[in-house]
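# Summary of the model geometry
Now for the letters of each chain:
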Amino acid sequence: MSKPTLLVLAAGMGSRYGSLKQMDGVGPSGEAIIDYSIYDAIRAGFGKVVFVIRHSFEKDFREIFTPERFGGQIEVDFVFQELDILPEGFALPADRVKPWGTNHAVMMAQNVIDTPFAVINADDFYGRDAYATIADYLRTLDGQRDKYCMVGYCVSNTLSENGSVSRGVCEVDADGNLVSMVERTAIERMNGKIMFKDENGESQPLAEDTPVSMNLFGFTPDYFTHSNEYFKKFLTENISNPKAEFYIPTMVNYLIGKGISQMRVLKSDARWFGVTYKEDRPKVVADIAALVAKGEYPAKLWK
């Protein structure tokens, strides 16, 4: 049985940090969030990690994220997301500066992934249980098609204390499969209850255990073929819109809506955290320190 692959969407990191040399150390020994993701993936049995990056910071990135950094415990590969990587027949509009989105980033890895694979954001902390949960499910998908998965977090485990957040709120059927994923905005705890703003700007309650997507998805390699086909349709309709982005949920909703694919929503009690606001950073540092104190992670990840 082949080991699953971890695909890390890191093409936006250069612009966020200015330089990777200043990459944010949040662990007790200067580890970045991405280090904890790789550590958890190795523990969960992933055999390879593929980073989606940009040529502009390739040198810095390759210097930092080497197989040796991870103790030689996981194979490392790199692919590149650039604006001009488009299907035949499409040209890059002169006014396009925004990347084409998360699903375009996923597509960049089609020539280096031939196993079931998980997709994560580079600077989100997903938690040990989430990796173990998705790895177990991906191992059951070896050789299958159109059976995908995602980790559904309880919305209460994904909030920021420093402002509202947007989340993909999931509707799940009786079999545990995704029916739809709707982006909800202005989610925050108010007077003890979790609220969001609906399409009319009205505040509505959300149950504490409502499953939300934090962009931790699992796919089989046929997903690349679907993406290549649908991206052409997306470009035909959106090429002249400089802000249109081809997101993973866009693709997933299409495949589920058409009845082409199924996506199992895997429940996890893991706590997600990330730096949505700069004020979130001290809490992320404290949360990781608490996990180290509990023995979930060593004080120094990479010996």
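Read on for a plain summary of the structure. Values in this document were obtained by computation on a predicted structure and should not be read as measured data.

## As for the overall build of the chain
When helices and strands are counted, the chain shows eight helices and 13 strands. The C-alpha radius of gyration computed for the chain amounts to 19 Å, which stays within 12% of the reference 19 Å derived for 303 residues, consistent with globular compactness. The dimensions of the chain, computed from C-alpha atoms along their principal axes, are 50 × 50 × 45 Å. Scored against the burial criterion, the 303 residues of the chain give a buried share of 52%. When contacts within the chain are restricted to residue pairs at least 6 apart in sequence, long-range pairs at least 24 apart make up 75% of them. Roughly 13,900 Å² of accessible area belongs to the chain as shown, and the carbon and sulfur atoms make up 48% of that amount. Side-chain charges in the chain split into 33 positive and 41 negative, and the spacing between the mean points of these groups amounts to 2 Å.

## As for helix α5 (residues 128-139)
Given a rise of 1.5 Å per residue, twelve residues ought to cover 16 Å, and the 17 Å separating the end C-alpha atoms of α5 matches this to within 8%. Where α5 is buried, its residues meet β1 (5-9), α2 (33-44), β4 (117-121), β6 (147-154), β11 (211-219) and β12 (262-268).

## With respect to the layout of surface pockets
In this structure, the second largest pocket occupies an estimated 240 Å³ of space. Along the walls of the second largest pocket sit 16 residues, with L159, S160, E161, R271 and K283 positioned nearest its centre. Looking at the lining of the second largest pocket, its residues break down into four nonpolar, seven polar and five charged.

## A closer look at the environment of Y297
Examined against the element boundaries, Y297 turns out to sit in the segment after α8 (281-293). In this structure, the C-alpha to C-alpha distance between Y297 and G27, residues 270 residues apart in sequence, is 9.9 Å. In this structure, Y297 is in contact with Y36, Y39, D40, R43, F125, G127, R128, L291 and V292, ignoring residues within four places of it in sequence. Looking at Y297, its side chain comes within polar contact range of the side chain of D40, at 2.7 Å.

## Remarks on empty space enclosed by the protein
Counted according to the given criterion, the structure contains one cavity of 30 Å³ or more. Forming the boundary of the largest cavity are A11, R54, Q81, E82, L83, P99, W100 and H104. For the lining of the largest cavity, the residue count by class is four nonpolar, two polar and two charged.

## A word on the pairing of strand β7 (residues 165-172)
Regular strands place side chains that alternate from one sheet face to the opposite one. Where β7 and strand β8 (residues 178-190) come together, seven bridges link them in antiparallel fashion. Each bridged residue has a counterpart across the sheet, and for R167 the counterpart in β8 is R184. In terms of strand pairing, β7 meets β11 through two bridges, oriented antiparallel. By the bridge assignment for β11, V169 is matched with V212.

## Some points on helix α6 (residues 222-238)
Compared with an ideal rise of 1.5 Å per residue, which puts 17 residues at 24 Å, α6 spans 24 Å between its outermost C-alpha atoms and is within 8% of the ideal. Every buried residue of α6 is listed here: D222, Y223, F224, H226, S227, Y230, F231, F234, L235 and N238. Buried positions along α6 lie against α4 (102-107), β4, β6, β11 and α7 (248-257).

## Some points on the pattern of salt bridges
Between side chains of opposite charge, a pair can form as their charged atoms come close. Taken as a whole and assessed by the stated rule, the structure comprises 15 salt bridges. Between K59 and E63 there is a salt bridge, with the nearest N and O atoms lying 2.8 Å from each other. Separated by four residues within a single helix, K59 and E63 lie in helix α3 (residues 58-64), roughly one turn from each other. Judged by relative accessible area, E63 falls into the partly exposed class, the value being 43%. Taking the shortest distance from any N to any O, the salt bridge between E237 and K233 comes out at 3.0 Å.

About the criteria used
Residues numbered from 1 in each chain as written. Predicted model: local features only at pLDDT ≥ 70, side-chain atom pairs only at ≥ 80, totals over all residues. Heavy atoms only, no water. Helix = DSSP H or I, 4+ residues; strand = E, 2+ residues; numbered from the N terminus. Rg over C-alpha atoms; globule rule 2.2 N^0.38 Å. Buried < 20%, exposed > 50% of the residue type's maximum accessible area, 1.4 Å probe, protein only. Contact = heavy atoms within 4.5 Å. Areas by Shrake-Rupley, 256 points an atom, 1.4 Å probe, with all protein chains shown as cover. Lys, Arg positive; Asp, Glu negative; His and termini not counted. Charge placed at Lys NZ, Arg CZ, Asp CG, Glu CD. Expected span 1.5 Å × (residues − 1). 1 Å grid on protein atoms, 1.4 Å probe; cavity = no way out; pocket = protein on both sides within 12 Å on 5 of 7 lines; lining within 4 Å. Points joined across faces, edges and corners; volume = space filled by probe spheres on them. Nonpolar A, V, L, I, M, F, W, Y, C, P; charged D, E, K, R; others polar. Polar contact = N/O pair within 3.5 Å; in protein donor to acceptor, adjacent residues only side chain to side chain. Pairing = 2+ DSSP bridges. Salt bridge = Lys/Arg side-chain N within 4 Å of Asp/Glu carboxyl O.

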